[in-house]
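Fold and contact review
Residue-level listing of the chains:
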Amino acid sequence: MCPPSQKDNTGALKAAVEVLGLSTVVLLASTIGLAVKENNAAPAAPAAPAEDTMSAVAAAPSTTDFVALKENSIFLDYRDNVCAGAQLAVANKLCADLEVPTPQAGGNVTKGYVGDLDVGSLKPHTDTYFQGDMCPVNVHWHLGTEHYSYGQYDENGKGPHGTAKRPEWANRDLAAAGEKVRGGFHCHHYDEEDEKFTKPYDWKYCTNMEVGETYEVHWPHSSVGDCGTVNQYQTPFYDGVFCNLSMEQFVAIAVDPQNIASNVGVHGQVFTVVNDEQYFYPDMMRGMIIDKQKNMGTDIHYYTGSTTGTSRNNEMCSQYAPITWQVDRQCHMISASSFDKLCHDMLLQRDDMKDDLYPHGSRELVMDSLVANNAADAESLAAAAAAAAEAPAAEAAPEEAPAAEEVVTAEAARGGNLRA
């Protein structure tokens, strides 16, 4: 028996639990019914797959202006440019007044051509510039070509405004009436019926450029540039070439002209600009494009010459000489976007390279009497090497002494005539 003070509440508790359970079931049923009703009334749009979302983000254009960011960068402050003003003042001089004529550029680079100016034992640098501890210190280009390669870029070439005439010696006409810069020779690619040569391109960074035109690109190199630093690329290019060289040092090493030819060089390569992304190349900053499959940078003419530009001609000579020239004899097509990418990259350098974002005028073709007689190419270098290798063997065979005297050495093989 229970004590008289305790009351049995078991029945009431059971009733409360049953009511609570029934209420829960009703609430759950109502929730499910409401969800079904909503789904039937307005079906929700399916969520975009994750990959579609990423594609949309990737397709969104970037709004970052990297050129503008340069202005506030603590790393690219132009006041820290140690090469600024390093150009050595070496004025042009009448060619006839030079006691010792300096070899000039640009000349004829057609296979087999050799100039008439005797430069003695002076040799161009025929290894890669990298092997000579040289780095590119600038890139710029000329309207038409300053060099001449018969069948590739010559008086028979084509362009939106024609080409330069073959010199009688040797005044080049302007590329077109009213042009502000003198135009040079042109390649043979241009076809006015083909849209890739005529469709305008929306230039973002380069100026005064035109689809269908021929341009000769130059990459000056130097072993005394500020290689591997943010000061490597300079405008004018003379600042880069002479960055770590004083006038006193220059005068001292110039006693032997070979010192200059072995430490300063230029890559030259010729292009016709097309509006066709099949011909896009992403990096034109670092020197000549070399692609054996496309025959780019493989047929090279080596010689010693000078700086170029319209302030020099066959009467007024450049005294920035002798420097090595390595010129691609072939003409190539390249996309307008490749050039525009190059101009973008130039604008990102510490030094202000805006004065090289447009084509410069072309020097008239240098006459034979001012072109060095030390031209070389892969075939002539191979022949000279073979001749040099034969000489010791001939000396080791006394019975063939007469024949040994007739062996052509590398020096004799170069001796002013390397015609193939």
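Values in this document were obtained by computation on a predicted structure and should not be read as measured data.

**Quick notes on the overall build of the chain**
Within the chain, the secondary structure is distributed over 10 helices and 10 strands. Relative to its full complement of 420 residues, the chain shows a buried share of 44%. When contacts within the chain are restricted to residue pairs at least 6 apart in sequence, those whose partners lie at least 24 apart make up 83%. Per element, the accessible surface of the chain, about 22700 Å² overall, is 56% carbon and sulfur.

**Thoughts on the pattern of salt bridges**
A complete count under the given rule lists nine salt bridges for this structure. Measuring nitrogen to oxygen at the nearest pair gives 2.8 Å for the salt bridge that ties Asp77 to Arg79. According to the relative accessible area criterion, Arg79 is exposed, its value standing at 64%. Two residues, Asp345 and Lys341, come together in a salt bridge whose shortest N-O distance is 2.8 Å. Residue Asp345 and its partner Lys341 are both found in helix α7 (residues 336-347); the two are separated by four residues, about one turn of the helix. With a relative accessible area of 14%, Asp345 lands in the buried category. For Lys341, a relative accessible area of 30% translates into the label partly exposed. Via salt bridges that share partners, Lys111, Asp299, Arg329, Asp377 and Glu379 belong to a single interconnected network.

**Quick word on the environment of Gly212**
Looking at the secondary structure, you find Gly212 in the loop between β5 (186-187) and β6 (214-222). Separated by 62 residues in the primary sequence, Gly212 and Val274 place their C-alpha atoms 5.8 Å from one another. Once residues within four sequence positions are removed from consideration, Gly212 is found in contact with Gly159, Pro160, Tyr190, Phe197, Thr272 and Val273.

**Quick word on the side chain of Asn275**
One can find Asn275 in the loop between β7 (264-274) and β8 (300-305). A polar atom in the side chain of Asn275 sits 3.0 Å from the backbone oxygen of Lys199. The contact partners of Asn275, leaving out residues within four places of it in the chain, are Lys196, Lys199, Pro200, Tyr201 and Val211.

**Thoughts on the state of the cysteines**
According to the stated counting rule, one finds five disulfides in the structure shown. Between the sulfur atoms of Cys135 and its disulfide mate Cys227 the distance is 2.0 Å. Judged by the sign of its S-S torsion, about -85°, the cystine formed by Cys135 and Cys227 is left-handed. Of this pair, Cys135 sits in strand β2 (residues 135-136) while Cys227 sits in the loop between β6 and α4 (237-241), and the two are 92 residues apart along the sequence. Under the relative-accessibility criterion, Cys227 is labelled partly exposed at 32%. Paired by a disulfide, Cys187 and Cys331 hold their sulfur atoms 1.9 Å apart. Between Cys187 and Cys331, the S-S torsion sits near 95°, and that sign places the bridge as right-handed. With Cys187 in strand β5 and Cys331 in strand β10 (residues 323-335), this pair connects stretches of sequence that are 144 residues apart. With a relative accessible area of 7%, Cys331 lands in the buried category.

**Re the environment of Asn108**
Locating Asn108 in the fold gives a position in the loop between β1 (93-94) and β2. C-alpha of Asn108 to C-alpha of Tyr150: the two residues are 42 residues apart in sequence and 8.4 Å apart in space. Excluding residues within four positions of it along the chain, Asn108 makes contact with Tyr113, Tyr148, His301 and Leu365. Here the side chain of Asn108 touches Thr110 through a polar contact of 2.7 Å, side chain to side chain.

About the cut-offs
Residues numbered from 1 in each chain as written. Predicted model: local features only at pLDDT ≥ 70, side-chain atom pairs only at ≥ 80, totals over all residues. Heavy atoms only, no water. Helix = DSSP H or I, 4+ residues; strand = E, 2+ residues; numbered from the N terminus. Buried < 20%, exposed > 50% of the residue type's maximum accessible area, 1.4 Å probe, protein only. Contact = heavy atoms within 4.5 Å. Areas by Shrake-Rupley, 256 points an atom, 1.4 Å probe, with all protein chains shown as cover. Salt bridge = Lys/Arg side-chain N within 4 Å of Asp/Glu carboxyl O. Polar contact = N/O pair within 3.5 Å; in protein donor to acceptor, adjacent residues only side chain to side chain. Disulfide = S-S within 2.5 Å.

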